[in-house]
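A closer look at the structure
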Amino acid sequence: MQAWRSRLYLRTAVLTLLVTFLSLSLIGYLLFWQVSNLLEKQFGENLRNLSFFITESVEPAHLQLIRTMGKRSRSYRTERFNLIKLKEKAGLRRIFIFNENWQSLLDTDSTYFTEQKYFDLYLDQRELSELQSDSVVISDMYEDKAGVFFKRAYTKIISGEDSYFIGIEAGNRFLSSYKNMKRIYVLFSGMIVVFVFFISYFFARTISEPVKKLAQSTREIQQGNLKKEIRLNMDDEIGSLARSMEKMRQSILRKELQQEIVLAGIAHEIRNPLGGIEMFAGIIAEEAEDRKSTRLNSSHTDISRMPSSACKKKPPPPHPSHTLPTFSLLLFLIHPFLHIPLSS
């Protein structure tokens, strides 16, 4: 997991994928929520208008006869025939009439018989309890086993002392199409997410690969390898960073060269006086017979032990200006044996 997180292009691709997915999800939710509300509202208005129209086409006196005589009455056949024609003309699923006990009086669906109780009306019990005369209530949206959305609208008719209810049930083809459109949108969004992932993946690699090369060059500079040139043929910010690092590498090389020159000069300045001191100390050590000459022998030995390779390059001949410090150091070393005062 740590190795996966260390890859810049993968993290960039996943972040882009996440942002794209959340954006599409939010846009899709808002879009479909808005469309669904508009369709449902329009659907409810259509049902309301149809309910008023169907209620006006039903004769309340016929309902009294149907309640008394049932299917045997001529009013039953007339009203059912008229309701079937209205159902087909309006494209409804069903029209039914029932009493206060939720018992059927008339239904365009032949599977329901007279005085059968509608138990599915318990789903709309709240709407029915709020229903008043000459008004319409709309139920919630339902979905049948076939995946079709439908709504119901109820109106109330008063005939004498009895109250009757007319219910119409309509399937919303638009909402069914909306459901199919939702599936298409989900599929299309998935394809977009996959496409965006691959595009962002390859785009992120174009950023991460130059960064990896710069990191490798930085490690080589840290290890002291300044000979490898840093070059990226890019005109963006990464290319500018590479050019800055190349200038830094060249600056370090120049400083190292200057340091070598300075060190060579310092070694030269040290080696020339030491050579003279070594020569004169050797001459004095050979001529001295006093016990005090032991100090000179020791100095000659210490000077001789100094590495002759203090400077890798061959030093130039000594400049006359070096004579004065050389004789001063020589006099400081041999003055105890000459018994002469050393002038200040």
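Residues numbered from 1 in each chain as written. Predicted model: local features only at pLDDT ≥ 70, side-chain atom pairs only at ≥ 80, totals over all residues. Heavy atoms only, no water.

Along the polypeptide, Arg94 turns up in strand E1 (residues 94–99). Separated by 3.0 Å, the side chains of Arg94 and Asp107 make a polar contact. Among all residues touching Arg94, those that are not within four sequence positions of it are Lys87, Asp107, Thr108, Asp109, Tyr112, Tyr118, Asp120, Arg152, Gly167, Ile168 and Glu169. (Helix = DSSP H or I, 4+ residues; strand = E, 2+ residues; numbered from the N terminus. Polar contact = N/O pair within 3.5 Å; in protein donor to acceptor, adjacent residues only side chain to side chain. Contact = heavy atoms within 4.5 Å.)

Ile54, Leu83, Ile95 and Ile97 are the most contacted members of the largest nonpolar core, which totals 21 residues. Residue assignment for this core shows that the elements contributing at least two residues are helix H2 (8–57), helix H3 (60–69), helix H4 (74–90), E1, strand E2 (104–107), strand E5 (149–159) and strand E6 (162–171). In terms of residue count, the dominant contributor to this core is E6 (four residues). Residues within four places of Ile97 in sequence aside, it is in contact with Val58, Leu63, Leu83, Gln103, Ser104, Leu105, Leu106, Tyr118, Phe165 and Ile166. Phe96, Phe98, Tyr118 and Leu121 belong to the second-largest nonpolar core, a separate cluster that totals 10 residues. (Core = buried A, V, L, I, M, F, W, Y, C linked by side-chain atoms within 4.5 Å. Buried < 20%, exposed > 50% of the residue type's maximum accessible area, 1.4 Å probe, protein only.)

With that out of the way, let us pick up the packing of aromatic side chains. What the rule picks out here adds up to nine aromatic pairs. Ring geometry for Phe96 and Phe98: centres 5.8 Å apart, planes at 20°, overall stacked. Under the relative-accessibility criterion, Phe96 is labelled buried at 1%. Since its relative accessible area comes to 0%, Phe98 is described here as buried. The ring of Phe150 carries Arg93 above its face, with NZ or CZ at 4.7 Å from the centroid. It is Arg94 that lies over the ring of Phe96; its NZ or CZ is 4.2 Å from the centre. (Phe/Tyr/Trp six-rings, centres within 6.5 Å; stacked < 30°, edge-to-face > 60°. Lys NZ or Arg CZ within 6 Å of the ring centre and 35° of its normal.)

This next bit is on the pattern of salt bridges. Per the stated rule, a full pass over the model turns up 11 salt bridges. In this structure, Arg67 engages Asp162 in a salt bridge whose closest nitrogen and oxygen atoms are separated by 3.5 Å. Of this pair, Arg67 sits in helix H3 while Asp162 sits in strand E6, and the two are 95 residues apart along the sequence. Looking at Arg67, the relative accessible area reads 37%, which means it is partly exposed. Residue class for Asp162 comes out partly exposed when judged on its relative accessible area of 25%. Salt bridges here are not isolated pairs; linked through shared partners, they connect Arg93, Arg94, Asp107, Asp120, Asp124, Asp144, Arg152 and Glu169. (Salt bridge = Lys/Arg side-chain N within 4 Å of Asp/Glu carboxyl O.)

These values are about where atoms sit, not about what they do.
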